[in-house]
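# Chains, contacts and geometry: an overview
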Amino acid sequence: MKPISSRRARAVIVALAAGSLALTACSKNEGGDSGTDSKKDQSEASVQSKAVTYADAAGSTGPAEEVAGAKSGGTINVYQEAGLSHLDPGQIYVSDAGQVANLLFRRLTQFKEDGKGGVSVVGDLATDSGQSSDGGKTWTFKLKDGIKDANGAAITSADIRHTVERQFAKFIFDGPPYLQTWLAGSKYASDYRKLLPGGGFDGKHLPASVLDTPDDKTVVFHFDQARPDLPQTLAMAGYAVVPEKTDTKEKYDKAPVATGPYKVASYKIGKELVLEKNTNWDPKTDSVRHQYPNGFDFQFGITESTQTKRLIADQGEDKSAIQLTGGVEATQIQDVIGNAAVSKRTVKGYQPYVMQLTFNLTRMKDLKVRQAITYAVNSKSLIAGEGGAYGGDVAPNYFAPTLPGYEANYDPYGRLKTPQGNIAKAKEILKTIPAAEKKVVFAYANSENGQKRKVAIEDALTKVGFDVVSKEVDAASYYEQIGKLDNPYDMYISGWGQDWPSPGTVITPVYDGAQVTDGSPNYSHVKDATVDGLIKKALAEDPTAAAKTWKEAQHYLLEKIVPAAPLWYTKQFQLSGSSIGGARYGSVSSLIDINRLYVKS
């Protein structure tokens, strides 16, 4: 799951496992050392990593359970610093667009939360979470009756086929790769697009042996190996339906057609997105979403510090406002937690993201340089910029505490003992490194938190003898820029969280050699035979055996390749106005649960 490029990590879109974690209050906001509370937080995050259940037709039938005290009417104002990189569902793989997608788009399946950390997969467009056969290699979905797009056209299996096939088109480059990779199978393991180069737009289609639509209501997927996680995969925003007759290809990003409770009323890219009710959405078909507000007004370009000040003051339209993916600005945390009336308007939770300083192995080829930087980076100062104990904890490795297989004490670079960086060790490694290799180009997002991170990275690396050349990148397109294979940067901060509770959704998308392509989350460009072999082995094993293989893969990556320096695990701490009702932390989005909000008055 790609995290957002502003305050927290990029993805996420499908962040299961964290649950509704109540963070222990801190007595001060200094240095980023969470003390003993961080261990408690991580322990609770692990305990709350419940198994995801697959719902039947009864559990997938709408309407969604009413939110206690909910009222209809009003507009919710949504504040965000950076604009959205995409609105085309096929391009959505980040948290901010994922939140918007929850309001706009429906997919075959969807995640449903019980508010107690429990998550199930329910049928969204489908009648249930799917029926498997042939040992899990075949999955069949039946579409619900009465589902229409915002234009009033019925959604049929032809629209699902089109949605899947367009994922193979070259203009779709920034979304999740799972489904199309699985459908391509071993024959096209090196490049899934070869299965359908035209993406269905040239009149050619996937064969029935791969994707079958025998009638208007039935969709059948065929894989060359068991895919037990398919219902969770299809619940990702990146696989939301794009009605065939409405598809404008590259232009779809600017004016997508809704299937959810809201539709686009107006969109000024980078400035404002206004949503209004979709009158063709039928709540009887939807067991997850609501349509309480009359609309949502997303306002971009508002910094986290300004968001926080306005929400603390709680005046005028700010009373009915929320933060989208940003959180309480670090220097104002005490103003929030020190005021009981303001503090009760917050939601808090442990996220599944691991923030790391990713190395571009195409440019930064010397292992010793990467090791030296990994020892030198200052997690303590970086976390301080995120809000200290409310912003995150030191990360000693690539697995988050919310992930099955997390090893709390696996710390090959001593980050837990020296969170401020091991300057002496870094200098020792650099003794044999030529001066030319000590000049490194660092890319950072042009946001408030991007600036803080820039200062922290420059300060740490300069101390050990690096010449850091920092390059500013537009925050809205940050991941798109660092996702280019020929990008001109040596390193950049990125984050990743599980797409569902499996280490495979971390190791595979981020370090699989087949994912070294433009737009892929393999930002370090790792292409290693040992890693690829371990991935292939784990994907063919049962979960118990696979857990050991994923662990072996992480150890090999962190000790032998060092594609990134682990920095910190993220936490979320968001504030909303006093007129916002239904606010709670969402364990799926790792953000405020936007599906259940209403305006009190």
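As a starting point, this report considers the structure included with it. (Residues numbered from 1 in each chain as written. Predicted model: local features only at pLDDT ≥ 70, side-chain atom pairs only at ≥ 80, totals over all residues. Heavy atoms only, no water.)

Turning our attention to the overall build of the protein. Scanning the protein from N- to C-terminus turns up 16 helices and 22 strands. Taking 2.2 N^0.38 as the reference for a compact globule, 601 residues should give roughly 25 Å; the C-alpha atoms of the protein span a radius of gyration of 23 Å, in line with that estimate. Principal-axis analysis of the C-alpha atoms gives the protein an extent of 70 × 60 × 40 Å. Here the protein holds 601 residues, and 62% of them are scored as buried. For the protein, contacts bridging at least 24 residues in sequence account for 76% of all contacts bridging at least 6. Between the centroid of the 70 positive side chains of the protein and the centroid of its 69 negative side chains there is a distance of 2 Å. (Helix = DSSP H or I, 4+ residues; strand = E, 2+ residues; numbered from the N terminus. Rg over C-alpha atoms; globule rule 2.2 N^0.38 Å. Buried < 20%, exposed > 50% of the residue type's maximum accessible area, 1.4 Å probe, protein only. Contact = heavy atoms within 4.5 Å. Lys, Arg positive; Asp, Glu negative; His and termini not counted. Charge placed at Lys NZ, Arg CZ, Asp CG, Glu CD.)

Another point: the pairing of strand E10 (residues 272–277). Pairing of strand E9 (residues 262–268) with E10 involves 6 bridges; the strand directions are antiparallel. When the sheet's bridge partners are listed, Lys-268 is paired in E10 with Glu-272. Here E9 hands over to E10 after 3 residues, with Gly-270 in that stretch at a positive phi of 80°. (Pairing = 2+ DSSP bridges.)

Turning our attention to unusual backbone geometry. Residue Pro-63 is reached from Gly-62 by a cis peptide bond, and omega for that bond is 0°. Locating Pro-63 in the fold gives a position in the loop between strand E1 (53–54) and strand E2 (75–80). Despite not being glycine, Lys-249 has its phi angle at roughly 55°, a positive value. Its place among the elements puts Lys-249 in the loop between helix H5 (230–233) and E9. A positive phi is found at Val-562, a non-glycine position, where the angle reads about 55°.

Looking now at the sheet that holds strand E8 (residues 218–222). On the basis of which strands lie adjacent, the open sheet formed by 4 strands has the order E5-E6-E8-E7 and antiparallel pairing. Of all the strands in the sheet, just strand E5 (131–133) and strand E7 (211–215) have a single pairing partner and so form its edges. Neighbour to neighbour, the strand axes of the sheet diverge by 20° on average, direction disregarded. The sheet contact formed by E7 and E8 spans 3 bridges and is antiparallel. When the bridges of E8 are listed, Asp-212 appears paired with Val-220. (Axes fitted to C-alpha atoms, helices over the stretch in contact; angles between N-to-C directions.)

Time to look at the environment of Gly-483. Positionally, Gly-483 belongs in the loop between helix H13 (478–482) and strand E17 (491–497). With 38 residues separating them in the primary sequence, Gly-483 and Pro-521 have C-alpha atoms 6.7 Å apart. What Gly-483 contacts, discounting residues up to four positions off in sequence, is Thr-517, Asp-518, Gly-519, Ser-520 and Tyr-523.

Note that every value here comes from positions in space, so none of it alone points to a role or purpose.
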